[in-house]
Amino acid sequence: MSGAPEWRRKAARRSAAGQGPRRRIDDVTVSVEGRPRLGVAEVGRAVLDHYGLEGTLAPLPGEWDQNFRLDAGGGRRCVVKLANRGHEEGVLELQSSALDHLAASALTVRSPGIVRTGSGEPLARFRDAGGEAHRMRLLTWLEGTPLAGRLPLPAGGLRALGRALGELNLALADFSHPAMDRDLQWDLRRAAWISRWTHLVTGPDRRAFVERTLLDYRGRVRPALDGLPMSVIHNDANEENILIAGESDGSVAIVGLLDFGDMLRTNRIHELAVACAYALSAKADPVAQALEAAEGYAGILPLEQEEIDLLPDLIRVRLAVSVVNSARAEREDPANLHRRSSEEAAWALLMAMGAPDGARGRPRAGKPEADRAGEVERLAARRRKILGPSLSLSYARPLTILRGRGVWLHDAGGRPYLDCVNNVCHVGHGHPRVVEAISRQAATLNTNTRYLHPAILDYAGRLAALFADPLGVCFFVNSGSEANELAIRMARAHTGRRDVITLDRAYHGNTQALVDVSPCKCEGPGGTGLPEWVRKAPSPDPYRGIHRGEGSGRGYAEEIARICREMVDDGRPPALLIAEAIQGCGGQIVPPEGFLREAFDLVRAAGGVAIADEVQIGLGRVGSHWWGFEAQGAIPDIVTLGKPIGNGHPLGAVVTTREIAASFANGMEYFSTFGGNPVAMAAGMAVLDVIEGEGLRGRAARVGAFLMAGLRDLATRCEAIGEVRGMGLFIGVEMVTDRALRSPDGVAAARLVEGAVADGILLSTDGPDQNVIKIKPPLVFSEDDARALLWSMERALTRQGPRGSPAAGAAVAERRQRGCQSSSKRPA
Ligand code: PMP
C-alpha cells in the first residue's frame, strides 16, 4: 500500500464497483464539500501540538475525509485523518471505540490502532487559521498489499478470508456502542432503497435481473434476516480494505483490515456477503466459492444453517446494490470510464450467481425444479379427482401457495410472489395482530350468538360507528353471499315487494337468488337467464357503455328512472336496487359522477330499498372514505360486507337502519350458526385496530394515487392501455386492440398477467371480455411494491414478439367460458 498511483487506482475502483462516491442515508450531512482542505503545514502544526509528533506528511486519497501519511521518523508511520464536517460525532466515537476493542483482542488479522493525543484522547480538536473547527484522528499504519492485486485468490484463499472475518466478528461479538444502530445505505437490511433507482439500469435483461433480485430480497430474504444473529461488523471488506501477505508456498495470508467507516450493527452474515461480493470470481461456481469462505468463517465462529443458506442471496443483493449505485453515479458523471469497467465486474459476478428464482444457479429450498413441477402435476391430478370440476385454478402453470405474509405469498419452493390482487387479506396476509386475536379467542370460546357475549356488541358498535345515521344496526354472517342474501330478504320484508333491479355485469354471490341477480352469472355460460323478478339496468360504464364521458351519470340514472317507471306501471314496483359503488367483477367500473346517488334516490322514491354491496371494495380500500358509496355521495339503506372485514377469516355483515331491522323482525327468528361467533368478532375487531393503528386508509389513498399516476404514465407509452381507472387501491387497467375503437383485448391482458406471474407478481383480469387488469392488493402495499408492479407491466407491454402466446390465448378463452365471477378463479 504505497505510492500515489495505487491510491488513485483505489479511489477509482472504489467508486466504481458501485461503491462510490459512497451514498449513505446520511448523504445530506456527509458531502464532498464537507471534506476539509487544509495545507500540509497547518496539519503538521496540529499533529505536533496534539500528538507531539513531527515528520513528513504526504496526502492520501479520501472520499469524505482529508487524509495524510505521516512518516514520523524511526520507522514510525501513521495515517492522519481530518474528519468530514458532516460526520456525526457518535459514528467517529463508534469507530475509535471499536478499534480500541480490537487492539485489545490481539487478532491475527490486524486493524489500525488509535493513536492517542498527548492528553490521552482518541480525537483531537483544533481550529484552523480561518477559525474553523476540525476533528483529527491518528491511526497506526498497517503493512500489507491490498487483496485487489491478488484476485482471483489462489486455492485456500477464500477459506483464509472467511477465517479472518470470523476472527474479526468473534472479537466484535461482545462489542457494543450507542451509535452502532446507524442508518446506512450499505446495510443489507436496508437494501430495498434501490427500488427508487432501478429504472436507471440500462438493458432490459439486466434490469430484469436486478428487479427479480430485489423482489426476492423484499419478499423472502429480508424477512428471514429478522431471525438471524446480529453483531457489530466492519461491513466493507472489499478488495482494497483487505491486506494480504504472500506465503512462500504461494498461498496468501489475510493480515489486515482497513477502513471501519461503514461499521454498524446488522446481521453478522453480511460481513461475509460483502467480502464475497468482491472476492469471488465470476469464472468459477460462485456459490461453491461462497460456501468455501463460509466454511472458513464457521471454523472460527459457527454459523447457523439459515445464515449459510442465505449467503448467496445476500451476495446477489449486495451486487445489485452496487450496480444500481453505479447506474446512479454514471448518470451523475457519465464521462467516468473507470466506473463503468468495474461495474462490469460486478455485473459478471451477479450474472454468474444466477437468477434468484432458481431458473439458474442452485435449486431453492432443497427441491430441484423438475421435482417441483412433478408435485404441481400430482396435486392438480388429485384435485381433479376429488373436487368438483367447476372449480378453477389461476394461471397457465398453477401455483402451489403454502404461506403468506404481508403483501407476499410463497410457493412450495419458497419463492415469494407480490400479491397485487387479494382484497380479502386486507391488512396483509397472516397479520400477527389478527392471527393472535383469532387464536386467543379460539383457545377461550367459540359458540353461537344465543348467549350474551361482549365481543359481538363491541364489534357491532365499532363497525356501526363507521356509518352515518341512520345506518347503525348490524347482522353477522359468514360470507359476502350470505350478506347479500340476507339483505335481499330484509328489503323484501321491509317493502312487502319481491322484484329486484340489478346492474348489468354485476356479481353479488353464489346462492341461487344471488346468481339470479348477477347477470354475469345467470346470463353467462351455464346460466338460465334473468328470472322474471329481476330487471337489469345498464352497467354505468363511462368508457365503453351506452352513455360515455362527462355527464353520462345523468344518462345512466335516467335508465334507472325508466326501469322504476316501467316496474310501477307493470304493477311490480321494485323492492330493491343492489349495486356496487365500483363494479368489481364487471371490470373495475367507476360510475360517472352523480349516478349512484341518483340511482339510490330514484329507487327510494319508487318505494324500494337501496343496497350497497361493499363486499369487494369496502373498509377503506378507496382511501378517501371508509366505503365506496360515501366517496360517491350516495346514501344506501342496507350495506353488505364480506371479504376484507375478517382479513380472510370467514366474516360477513349487513348494516342497516333500525326501521328496516324492525320490519325484518316479523316473527321469524333470524339465526346463523356461525354468524357473529366470538372468534369472528375478534378477527373483525383486530382488523379495525390494524387499519386505524397503521393508518391503512391513508396509505391506500397515497399508494393508490402513486400507482395510478405510474399507470397513467405507462399508458402514454403503451397504446394497448385503453384506460386506467379506480380509487385508492382498487384499480383497473383496460386493455384494447385499438384505442379509438376501444375494442377489448383479452389476449393482451392474459399475456400481461402470465408475464407478471413469471416475474413473481400476481395479477388477474376481470370484465365480460376479461380484458381489464384488476389491481386490489392488501392495503399494506407500498410505493416499492407499486414500482415493481409498474416495471413488470411495462416489461410485458413493451416486449417484442407475436401478440399473445398460445397459453395466453387459451387462458382468455377459458376465462370467458367461466364467466365473470372472480372468486372462483383466484383469491378475489
Ligand atoms: N359481492 C361481491 C361484489 C363480490 O365480489 C363477491 C365475491 N367475489 C360476493 C359478493 C360474494 O362473496 P363471497 O364469495 O364471500 O360469498
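Reading guide: rules and limits
Residues numbered from 1 in each chain as written. Predicted model: local features only at pLDDT ≥ 70, side-chain atom pairs only at ≥ 80, totals over all residues. Heavy atoms only, no water. pLDDT = per-residue confidence, 0-100. Contact = heavy atoms within 4.5 Å. Helix = DSSP H or I, 4+ residues; strand = E, 2+ residues; numbered from the N terminus. Expected span 1.5 Å × (residues − 1). Near = heavy atom within 4 Å. Polar contact = N/O pair within 3.5 Å; in protein donor to acceptor, adjacent residues only side chain to side chain. Nonpolar A, V, L, I, M, F, W, Y, C, P; charged D, E, K, R; others polar. Pairing = 2+ DSSP bridges. Axes fitted to C-alpha atoms, helices over the stretch in contact; angles between N-to-C directions. Phe/Tyr/Trp six-rings, centres within 6.5 Å; stacked < 30°, edge-to-face > 60°. Buried < 20%, exposed > 50% of the residue type's maximum accessible area, 1.4 Å probe, protein only. Parallel < 35°, antiparallel > 145°, perpendicular 65-115°, else oblique. Left-handed = near helix turned anticlockwise from the far one by under 90°.

Turning to the confidence of the model for the protein chain, a few remarks are in order. Detailed reading of the predicted model is not advised wherever pLDDT is low. In this model, the protein chain carries a mean pLDDT of 91, and residues with pLDDT of at least 70 account for 90%. Contacts from residues 358-366, a stretch scored under 50 in pLDDT, to residues over four places away or in other chains number 21 contacts. Across residues 821-828 the pLDDT falls below 50, and counting only partners more than four positions away or on other chains, this stretch makes 37 contacts in the model.

Right, let's talk about helix 2 (residues 40-51) for a bit. Between its first and last C-alpha, helix 2 extends 16 Å over 12 residues, near the 16 Å set by a 1.5 Å rise per residue. Considering only its buried residues, helix 2 is in contact with strand 1 (56-60), strand 2 (66-71), strand 3 (77-82), strand 4 (114-115), strand 5 (124-127) and strand 6 (133-140). Gly52 sits one or two positions beyond helix 2 and adopts a positive phi of about 70 degrees.

The next point concerns the site of the ligand. Surrounding the ligand, one finds 14 residues, the nearest of these being Gly480, Ser481, Asp613, Gln616 and Lys643. Ser481 places a polar side-chain atom, nitrogen or oxygen, 2.5 Å from an oxygen atom of the ligand. Separating a nitrogen atom of the ligand from a side-chain N or O atom of Asp613 is a distance of 2.7 Å. Elements with a minimum of two residues in the shell around the ligand: helix 13 (480-495) and helix 25 (822-825). Of the residues assigned to the shell around the ligand, the class counts are two nonpolar, nine polar and three charged.

What follows concerns the side chain of Asp65. With respect to the helices and strands, Asp65 occurs in the loop between strand 1 and strand 2. Here Asn84 takes part through its backbone nitrogen, which lies 3.0 Å from a polar atom of the side chain of Asp65. At a separation of 3.1 Å, a polar atom in the side chain of Asp65 contacts the side chain of His87. Excluding residues within four positions of it along the chain, Asp65 makes contact with Arg35, Lys81, Leu82, Ala83, Asn84, His87 and Arg137.

The next subject is the environment of Gly695. With respect to the helices and strands, the residue Gly695 is situated in the loop between helix 20 (678-693) and helix 21 (696-717). Separated by 221 residues in sequence, Gly695 and Cys474 have C-alpha atoms that sit 25 Å apart.

The sheet built from seven strands is open, its strands ordered 15-21-20-19-18-16-17 with mixed pairing. Looking along the sheet, the strands with just one partner apiece sit at the ends: strand 15 (471-477) and strand 17 (534-537). In this sheet, neighbouring strand axes are inclined to one another by 20 degrees on average, regardless of whether the strands run parallel or antiparallel. The pairing of strand 15 with strand 21 (residues 652-657) spans six bridges and is antiparallel. When the bridges of strand 21 are listed, Phe476 appears paired with Ala653. Contacting strand 15, strand 20 (638-641) and strand 21, helix 12 (residues 454-464) crosses the sheet at an angle of about 130 degrees to strand 15. Its contacts with the sheet place helix 13 against strand 15, strand 16 (499-503), strand 18 (574-579), strand 19 (609-613), strand 20 and strand 21, and it is angled at close to 165 degrees to strand 20.

Below, the discussion takes up the pairing of strand 9 (residues 242-246). Here two bridges tie strand 7 (residues 145-146) to strand 9, and the two strands are oriented antiparallel to one another. In the strand pairing of strand 9, Pro146 is matched with Leu243. As paired elements, strand 9 and strand 10 (residues 252-257) share five bridges and run antiparallel to each other. Residue pairing in the sheet places Ile244 in a bridge with Ile254 of strand 10. Hairpin connection, strand 9 to strand 10: the antiparallel pair is bridged by five residues, and Gly250 has positive phi, about 90 degrees.

In this chain, Leu151 is followed by Pro152 through a cis amide linkage whose omega measures -5 degrees. Even without being glycine, Ala106 reaches a positive phi, approximately 50 degrees. With phi around 75 degrees, Tyr395 is a residue other than glycine that occupies positive phi space. By the element assignment, Tyr395 lies in the loop between helix 10 (369-386) and strand 12 (401-405).

The next thing to look at is the packing of aromatic side chains. Counting across every chain of the model gives seven aromatic pairs. Between the aromatic rings of Tyr459 and Phe476, the centroid separation amounts to 5.5 Å while the plane-to-plane angle is 35 degrees, which identifies the pairing as tilted. Taken together, the residues span a long stretch of sequence, with Tyr459 in helix 12 and Phe476 in strand 15 at a distance of 17 residues. By the burial criterion, Tyr459 is buried, and Phe476 matches it.

With that out of the way, let us pick up the packing of helix 6 (residues 269-279) against helix 8 (residues 305-332). Two elements in contact, helix 6 and helix 8, have axes separated by 8 Å at closest approach and are oriented at 55 degrees. The orientation of helix 6 relative to helix 8 falls into the category oblique. Here helix 6 runs over helix 8; the crossing is right-handed. On helix 8, the residues touching Ile269, His270, Leu272, Ala273, Val274, Cys276, Ala277 and Tyr278 of helix 6 are Glu307, Leu311, Leu314, Ile315, Arg318, Leu319 and Ser322. When its residues are assigned to classes, the contact of helix 6 with helix 8 shows 11 nonpolar, two polar and two charged.

Next up on the list: the environment of Leu711. Position of Leu711 among the secondary structure elements: in helix 21. Residue classification places Leu711 among the buried positions, given a relative accessible area of 0%. Contact partners of Leu711, with chain neighbours within four places excluded, come to Ile721, Val724, Ile731, Val733, Ile775, Leu790 and Met793.

The antiparallel open sheet is built from three strands, whose spatial order is 7-9-10. Each edge of the sheet is formed by a strand with only one pairing partner; in this case those strands are strand 7 and strand 10. Sheet strands touched by helix 4 (residues 157-172): strand 9 and strand 10. Its angle to strand 10, the strand with the most contacts, is close to 30 degrees.

Burial runs high along strand 6: six of the eight residues are buried. Relative to strand 6, strand 3 runs antiparallel, the two being bridged by five bridges. What sits directly across from Lys81, in strand 6, is Arg137. Pairing of strand 4 with strand 6 involves two bridges; the strand directions are antiparallel. From the neighbouring strand, Ile114 faces strand 6, where its bridge partner is Leu139. By the bridge criterion, four bridges tie strand 5 to strand 6 in an arrangement that is antiparallel. The residue of strand 6 that forms the bridge with Phe126 is His134. In this structure, the hairpin formed by strand 5 and strand 6 is closed by a connection of five residues, where Gly131 is found at a positive phi of approximately 90 degrees.

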